[in-house]
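Observations on chain architecture
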Amino acid sequence: MSVLDRLEVPIVLAPLAGGPSTPELAAAVSEGGGLGFLAAGYLTAAATRERIAALRELTARPYGLNLFVPGAPSDPASYGDYARRVAAEREGAGEPRFEDDDWAAKLALVEDVAPPVVSFTFGCPSAGEIARVRAAGSEAWVTVTSPQEAETALAAGADGLAVQGSEAGGHRGGFTDAPDVALFSLLPLLQLIAADTDKPLVAAGGIATGGAVAAALCAGASAAAVGTAFLRAREAGTPAAHREALATDRPTGFTRAFTGRLARGIRNRFMDEHPDAPLAYPEIHHLTSPIRRAAREAGDGESINLWAGEAHALAEERPAAEILAGLATGAREALARAERRLSEGAP
Ligand SMILES: Cc1cc2nc3c(=O)[nH]c(=O)nc-3n(C[C@H](O)[C@H](O)[C@H](O)COP(=O)(O)O)c2cc1C
C-alpha cells in the first residue's frame, strides 16, 4: 500500500524549490487531505532538517521530501563564453561552480528522519541508494519524463513515479539534459507508462483545474501533482514579481539561461536575451544566482526565473486549503459530467 492510498484527496503539492515550497504550504496541503511536499533542492542538509521540523510542528500527516540527484561537472570550455558575457552585461554575477547539493548528507538525513515519501529529480539514484531510503521506512519515488526513464527507475526499485509532462513549470526533472532531449506531453507520457506498470504514478504538468485532475486520474495516475496552481497561494514563498507575472496571460517557454538546465518559465527579457545558453547545471545556476537575488529584492521580474507551467494564468491568489478543496470538488464535478455524457451520449 502506498501513502497515496491513505490520502483523502488524490492531490500532491508538487515540490517547488527556490522559495515557494514553505513548511506552511506543505502543511496546508497535507492538513487538507492531500500530500504536501518540501523541496530540499538548493538547501543544505541542515536547513532541510529545520524545514522538516517546522513542518512537523504544523502537521502530523504524511508529507514528501524532494531531493536533487547530482550530475557531473561540465567542461568549463562549454560555458566560459556565456559566463563572460553575462558577467559583462550584469553587475554582481557569481562564479560558475559545480556542487552536489549536499547529496550524501541529505541521504543520511533521510535515513534518520524517514519522511513518508522521498522523491528524486534530475536523475535516478542507484539501486543501493533507493534500497537505503526504503530500508529507513520511506517510499521512494523517481521523477521521469519518458517511458525509458520509467523503465530504469522501476528496475532500480522505485516504489512510484512522478510522471512529468512537458507542460510543467520549472526544470525538466528527467535524468539527462541534452540539446535534442525528447519532450513528452503529460497525457501521452502517462498512457505509455501506465501501459507498462501497476506502480503508483503521480502526474504532473499543466494541472490547474479539477477537470485536469480528473483527466490525469482517468489516464492512469494515482494522484495529480499540482505546482504552478499553488504558486500564488498565501502560504507559498513566491516572490512578488513572480506572483505578478503568474497573474497575467504571458506565454511560457523553455530556457537554460538562468541555470544551465532546461526549464519552463514565463518569458521575460533575460530569457529572450539569452536563447543560446549552454547546458551546464549547476554551474550556470551559480553564475546567475546573485543577479537573480538582487533582481528579486528590487522587484525586477525581467531578470529572475519566472518558473511556471503552461496553465499558469489559472493560478489563484487564495489560501492553499481553498485551492486544494476547489481542485477536489472540480474533479468530482468533471467526472460526473463525463459520466453523464458517456451514459446519455451526445445530445
Ligand atoms: C517554482 C518551481 C519550482 C520547482 N521545483 C522543483 C523541485 O525542487 N523539484 C522537482 O522535482 N520539481 C520541481 N518543480 C516541478 C514541479 O514539481 C512539477 O513538476 C510542476 O510544477 C508541475 O507542473 P505545473 O507547474 O504546471 O503544475 C518546480 C516547479 C516550479 C514551478
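So, here's what we can say about the structure. (Residues numbered from 1 in each chain as written. Predicted model: local features only at pLDDT ≥ 70, side-chain atom pairs only at ≥ 80, totals over all residues. Heavy atoms only, no water.)

**Brief notes about the side chain of R292**
Positionally, R292 belongs in helix 11 (residues 283-298). Although buried, R292 forms no salt bridge, and the nearest oppositely charged side chain, E99, lies 9.7 Å from it. A polar contact of 3.1 Å, which involves the side chain of R292, links it to the side chain of N305. (Helix = DSSP H or I, 4+ residues; strand = E, 2+ residues; numbered from the N terminus. Buried < 20%, exposed > 50% of the residue type's maximum accessible area, 1.4 Å probe, protein only. Lys, Arg positive; Asp, Glu negative; His and termini not counted. Salt bridge = Lys/Arg side-chain N within 4 Å of Asp/Glu carboxyl O. Polar contact = N/O pair within 3.5 Å; in protein donor to acceptor, adjacent residues only side chain to side chain.)

**Some remarks on the packing of helix 3 (residues 76-89) against helix 11**
Their axes nearest at 11 Å, the elements helix 3 and helix 11 cross at an angle of 0 degrees. By the angle class used here, helix 3 and helix 11 are roughly parallel. Side by side, helix 3 and helix 11 meet where Y79, Y82, A83 and V86 of the first sit next to E283, I284, L287 and I291 of the second. Class assignment of the residues belonging to the contact of helix 3 with helix 11 gives a composition of seven nonpolar, no polar and one charged. (Axes fitted to C-alpha atoms, helices over the stretch in contact; angles between N-to-C directions. Parallel < 35°, antiparallel > 145°, perpendicular 65-115°, else oblique. Contact = heavy atoms within 4.5 Å. Nonpolar A, V, L, I, M, F, W, Y, C, P; charged D, E, K, R; others polar.)

**Here we look at the site of the ligand**
Lining the immediate surroundings of the ligand are 21 residues, of which P15, N66, G206, G227 and T228 lie closest. Taking P15, its main chain carries an N or O atom lying 2.9 Å from an oxygen atom of the ligand. Contact between the ligand and G169: an oxygen atom at 3.2 Å from a main-chain N or O atom of the residue. About the coverage of the ligand: the protein hides 94% of its 600 Å² of free accessible area. Its residues assigned to classes, the shell around the ligand shows eleven nonpolar, ten polar and no charged. (Near = heavy atom within 4 Å. Areas by Shrake-Rupley, 256 points an atom, 1.4 Å probe, with all protein chains shown as cover.)

**So, unusual backbone geometry**
Between Y281 and P282 the backbone carries a cis peptide bond, its omega angle lying at 5 degrees. With respect to the helices and strands, P282 occurs in the loop between helix 10 (269-273) and helix 11. In this structure, D101 is a non-glycine residue whose phi angle is positive, near 60 degrees. Checked against the element boundaries, D101 lands in the loop between helix 3 and helix 4 (103-113).

**Focus: the sheet that holds strand 3 (residues 63-68)**
Read from one edge of the open sheet, eight strands run 1-9-8-6-5-4-3-2, paired in parallel fashion. Two strands lie at the open edges of the sheet, namely strand 1 (11-13) and strand 2 (36-39), each paired on one side alone. The mean inter-strand angle of the sheet, taken between neighbouring strand axes irrespective of direction, is 25 degrees. With four bridges connecting them, strand 6 (residues 160-164) and strand 8 (residues 201-204) associate as parallel partners. In the sheet register, A162 faces strand 8, and the bridge partner there is V202. Contacts between helix 5 (residues 127-135) and the sheet are confined to strand 4 (117-121) and strand 5 (139-144), with strand 5 contributing the most and set at about 140 degrees to the helix. (Pairing = 2+ DSSP bridges.)

**Considerations on the pattern of salt bridges**
If you walk through the whole model with that rule in mind, you get 17 salt bridges. With a shortest N-O distance of 3.1 Å, E317 and R243 are connected by a salt bridge. Linking E317 in the loop between helix 11 and helix 12 (320-344) with R243 in helix 9 (residues 240-246), this pair joins segments that are 74 residues apart in sequence. Owing to a relative accessible area of 47%, E317 belongs among the partly exposed residues under this scheme. Between R318 and E316 there is a salt bridge; the shortest N-O distance is 2.9 Å. Under the relative-accessibility criterion, R318 is labelled partly exposed at 31%. Counted as one network, the salt bridges with shared partners bring together R90, R269 and E273.

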